[in-house]
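A closer look at the structure
Here is what each chain is made of, one letter per residue.
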Amino acid sequence: MNPALSKTRLILVFWNRKSFEAKRFTDLTCMPDLTVKQQIDQLTDELNYHSHIYYQENRTEISDYEFDMKLKELEALEKEHPDLKREDSPSSRVGGTITKEFETIHHKYRMLSLGNTYSKEELEDFDKRVAKGLGTDDYEYLCELKFDGLAMSFTYEQGVLKQAVTRGDGVKGDNITPNAKTIRTLPLKLNTKTPYPENFEVRGEVFMPLPVFKALNEQREAQGEAQLANPRNTASGTMKMQDSSVVAVRKLDCHLYALYGKNQGVESHEEALKSMEQWGFNVSPTYRKCKNIAEVITYIEEWEMKRLELPLETDGIVIKVNRIDQQDELGFTAKNPRWAISYKYKAENAATELLDITYQVGRTGAITPVAELSPVLLAGTTVKRASLHNANEIERLGLHEGDTVFVEKGGEIIPKVTGVNLPARKPDAPKITYITHCPECGTELVRHENEAVHYCPNDETCPPQVLGRIEHFISRNAMAIETLGPRTIKGFLQKGLIEDFSGLYSLTFEQLNGLVFEDEDKQTGEIKKRSVKEKTALNILESIEKSKEVPFKTVLFALGIRFVGKTVAEKLADHFQRIESLAEASFETIVEVHEIGERIAESVVEYFSIEKNRALVQRLQDSGLQFYQEAKQEATGTSLSGLSIVVSGIFESVSRDELKSLILENGGKVASSLSNKTDYLVAGDNMGPAKKDKAEKLGIKMLSEQEFLNLINS
Ligand code: IVH
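Now for a description of the structure that goes with this document. Note that the coordinates shown come from a computational prediction; the quantities given were computed from them, not determined experimentally.

A closer look at the sheet that holds strand 12 (residues 348-361)
Spatially, 14-13-12-15-16 is the arrangement adopted by the five strands of the open sheet, whose pairing is antiparallel. Strand pairing shows two members of the sheet lacking a second neighbour, strand 14 (381-387) and strand 16 (416-420), which therefore form its edges. Across the sheet, the axes of successive neighbouring strands diverge by a mean angle of 45 degrees, strand direction being ignored. Summarising the sheet, strand 15 (residues 404-409) and strand 16 pair through four bridges and their orientation is antiparallel. From the neighbouring strand, valine 405 faces strand 16, where its bridge partner is valine 420.

Digging into the packing of aromatic side chains
Following the criterion strictly, the structure yields 17 aromatic pairs and no others. Arranged with centres 4.1 Å apart and planes meeting at 0 degrees, the rings of phenylalanine 473 and phenylalanine 501 form a pair that is stacked. On the criterion of sequence distance, the pair formed by phenylalanine 473 in helix 13 (residues 463-474) and phenylalanine 501 in the loop between helix 14 (486-494) and helix 15 (509-512) is long-range, its members being 28 residues apart. Each member of the pair, phenylalanine 473 together with phenylalanine 501, is buried.

Looking at the site of the ligand
Around the ligand, 14 residues are found, and the nearest of them are Glu144, Leu145, Phe147, Glu205 and Tyr257. For the ligand, an oxygen atom lies 3.3 Å from a polar atom in the side chain of lysine 146. Here tyrosine 257 contributes a side-chain N or O atom positioned 3.5 Å from an oxygen atom of the ligand. Across the complex, the protein chains shield 89% of the 520 Å² of accessible surface that the ligand would expose by itself. Elements represented by at least two residues in the shell around the ligand include exactly strand 3 (141-147) and strand 10 (314-321). Among the elements that take part in the shell around the ligand, strand 3 stands out by supplying four residues, more than any other.

A look at the packing of helix 21 (residues 598-609) against helix 22 (residues 611-622)
At a minimum axis separation of 5 Å, helix 21 and helix 22 run at an interaxial angle of 80 degrees. With respect to each other, helix 21 and helix 22 are oriented roughly perpendicular. Contacts from Tyr607, Phe608 and Ser609 of helix 21 reach helix 22 at Glu611, Asn613, Arg614, Leu616 and Val617. Tallied by class, residues from the contact of helix 21 with helix 22 come to four nonpolar, two polar and two charged.

What counts as what
- Residues numbered from 1 in each chain as written.
- Predicted model: local features only at pLDDT ≥ 70, side-chain atom pairs only at ≥ 80, totals over all residues.
- Heavy atoms only, no water.
- Pairing = 2+ DSSP bridges.
- Helix = DSSP H or I, 4+ residues; strand = E, 2+ residues; numbered from the N terminus.
- Axes fitted to C-alpha atoms, helices over the stretch in contact; angles between N-to-C directions.
- Phe/Tyr/Trp six-rings, centres within 6.5 Å; stacked < 30°, edge-to-face > 60°.
- Buried < 20%, exposed > 50% of the residue type's maximum accessible area, 1.4 Å probe, protein only.
- Near = heavy atom within 4 Å.
- Polar contact = N/O pair within 3.5 Å; in protein donor to acceptor, adjacent residues only side chain to side chain.
- Areas by Shrake-Rupley, 256 points an atom, 1.4 Å probe, with all protein chains shown as cover.
- Parallel < 35°, antiparallel > 145°, perpendicular 65-115°, else oblique.
- Contact = heavy atoms within 4.5 Å.
- Nonpolar A, V, L, I, M, F, W, Y, C, P; charged D, E, K, R; others polar.

Below is the structure:
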């Protein structure tokens, strides 16, 4: 429905193939006499229906736009009549609830854990215990994947989701219902003709799909934030966030694997899974019934590699006795059921020596500690380094100098340090203490309240920060000045040709042609010289010039404001349309923008409160970069329809930006440079003679400010 969710949707295509009884809805606009309650009820049902067919059946009957409009209509009605808002309102999907402290809930049925096995022999022992316990060979197993996320319990009454509780200590957990409601595949109200018990509880694993995790880390990288360790911790941390609207954008998912309650109407676990599927729950279709332990082992072998293709992390298999009466007969030990066990795949791991810890400084000054390891072969690649994420992680591992550490590569791409071989520790090995000063510029590090990451506050001269900002600015996702790379930028900085990215727009051919850089070969320390050839100089200048056409939203992203990633930049640009409005906006105005949180708003306000940032933006504006964007609504006039217009110079009665808006409002297009496609050049005072010459050469008609105004008013 929401385009922002389309990535998740790709995953769901694979996971959900279910049938659903189609329902027709009447257009509300045709029924003006409905009471507010009826309108809210109808919109709620209608939106839930469309959500259901989208997520469960992978089809749509209305456009995203229509869906959003209906949702807005519902939200407006709910705002005016909060008492009429239904528990299964689709508006809960986008969050909005802030919970300062989660209520503790006692589980009706204890949330137990499973015994682990790591070998076929251990599994065969389990099978013998089952056979002995039941006194027969007449039983079957139901095998499922073991999903790596956080266990949750969901209570439904009359088909409506009432409560979502974390596992906690197994006896009691946190009530995080508003957060759980943002999980799009979790039904808020069952939408099915298949009968279901009046009250029941389902349990499952909440997880962050791998593509979502990857995108989140990419976004964090683009924003200069430290990388998140793994999808499981991220999912778990996300579910415990206080602001459910932040949870909503994290796009978590959930696979259900257990049904509890009286009168379930099922005799086996397989039937329970099938019922849950029919009621609209996201049951992973990877389960299989196995007649005996040999078939279980085949299933285990089959999924060992296949599981790595799934869009979520799994770390083993869960084997359950299928018949419920036999489960009851076997019962529980103090901690685990006797009728189920898990088989854990061995994560590839190795022991190696911790040689050193180095600290990387990102473009926002964020410090990432990295374990430098004695090279070791792991899952087919040589591992020399592993991220340690932050000071807390080093503390958690309790690292000492020269420790022998265990590194592991599960489904994750980056190897991780999972522990220390304590008996191998040298008796006098000192504990690792976190650095207090920036390894690059020596400035004392700071750590913001509630943040795990340390920062170097010297954004002005700390070399990796200065370089990192420019690298981000020129990167493909930002200004896409692809003729430049980190080495060239480093050279420009060393030669004093630029101080920041605004300097790129003042570079001249004379400065670049024949410029000699000296690069140090990191391995040998040898100094190598390279010079910029004429053709390269021209290419660089051309791509810098071309970047002036990059739209406002991308320029805003390129500025590298902390927490302003690509999507946020787009939202801000859409809303404020011009840099001046954004720069002057208050914290309150910014948080009002849909999906913009306090952290982002704070960061934007702080950025523009700093004089040198404003001056930087001004320099970029003067260089002709795009700092405004056409209004999303249609042009109101047509007098300039289809015309491409360039604006240059200073104007008397309107600002340059206002003039550009006028062009757009009247159906014209604003171009940043003159070409044979340009129809008019609106020329103000102080326009450079080169532009005038070029316009004359290309036969482009020049308009004075007054002539332009006459044209649109004619
Ligand atoms: S059944 C009585 N099935 O593994 C135990 N658990 O160690 C009921 N898990 O806390 C659990 N995938 O978080 C079950 N298909 C699956 C599972 C699964 C993951 C997790 C769950 C549980 C832990 C048990």
